[in-house]
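Analysis of the macromolecular model
Here is what each chain is made of, one letter per residue.
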Amino acid sequence: MATETPPPSKTQAPLPSAEEFVAVQESDEFGELRRSYRSFAFPLTVAFVTWYLLYVLLSNYAGGFMGTKLFGNINVALVLGLAQFLTTFLIAWWYARHAAANLDPKAEAIKTRMEGAE
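Everything numeric in this text was worked out from a predicted model, so none of it was measured.

What counts and how
Residues numbered from 1 in each chain as written. Predicted model: local features only at pLDDT ≥ 70, side-chain atom pairs only at ≥ 80, totals over all residues. Heavy atoms only, no water. Helix = DSSP H or I, 4+ residues; strand = E, 2+ residues; numbered from the N terminus. Expected span 1.5 Å × (residues − 1). Bend = angle between axes of the 7 residues up to and from the residue. Contact = heavy atoms within 4.5 Å. Phe/Tyr/Trp six-rings, centres within 6.5 Å; stacked < 30°, edge-to-face > 60°. Buried < 20%, exposed > 50% of the residue type's maximum accessible area, 1.4 Å probe, protein only. Axes fitted to C-alpha atoms, helices over the stretch in contact; angles between N-to-C directions. Parallel < 35°, antiparallel > 145°, perpendicular 65-115°, else oblique. Left-handed = near helix turned anticlockwise from the far one by under 90°. Nonpolar A, V, L, I, M, F, W, Y, C, P; charged D, E, K, R; others polar.

For the rest of this paragraph, the subject is helix α2 (residues 28–61). The terminal C-alpha atoms of α2, which comprises 34 residues, lie 48 Å apart, in line with the 50 Å expected from a rise of 1.5 Å per residue. Most pronounced at arginine 38, the bend in α2 amounts to some 25°. In this structure, the buried side of α2 is in contact with α3 (63–66) and α4 (76–115).

In structure tokens form, the structure reads like this:
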């Protein structure tokens, strides 16, 4: 099977020194990248874990409520359980958009500077 990708280069750019890594880690640019990530990821993680634990607690201690039929054989537990999957996919989609718009450009700028390219 042929590919269009050329073979890897035998020469590798020198890796940044430990001092350069520390300097970047302490930079305002890296701090902004870290804040942008944390301000998105931490609240959503707490919200989703809370939502998941609420579902588990309702399943264990509110059997009557969870067994309430909404229509046909569909009850509250099934609807909330499927909502768990829906929220998982929505959060993943939302994070991918956030990362592409806010995190990736900042990370690429730092990476480019560290690799010594323009």
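A few words now on the packing of aromatic side chains. Within this structure, the stated rule accounts for three aromatic pairs. Taken together, a centroid distance of 5.2 Å and an interplanar angle of 80° make the contact between phenylalanine 40 and tryptophan 94 edge-to-face. Within this pair, whereas phenylalanine 40 is found in helix α2, its partner tryptophan 94 is found in helix α4, the two being separated by 54 residues in sequence. Since its relative accessible area comes to 45%, tryptophan 94 is described here as partly exposed. Between phenylalanine 40 and tyrosine 95 the ring centres are 5.8 Å apart and the planes differ by 45°, which places this aromatic pair in the tilted class.

Closest axis-to-axis distance for the helix α1 (residues 18–25)/α4 pair is 11 Å, and the angle between their directions is 155°. One finds that α1 runs roughly antiparallel with respect to α4. Relative to α4, the crossing made by α1 is right-handed. Residues Glu20, Phe21 and Val24 of α1 form the contact with α4, whose participating residues are Ile110, Arg113 and Met114. Class assignment of the residues belonging to the contact of α1 with α4 gives a composition of four nonpolar, no polar and two charged.

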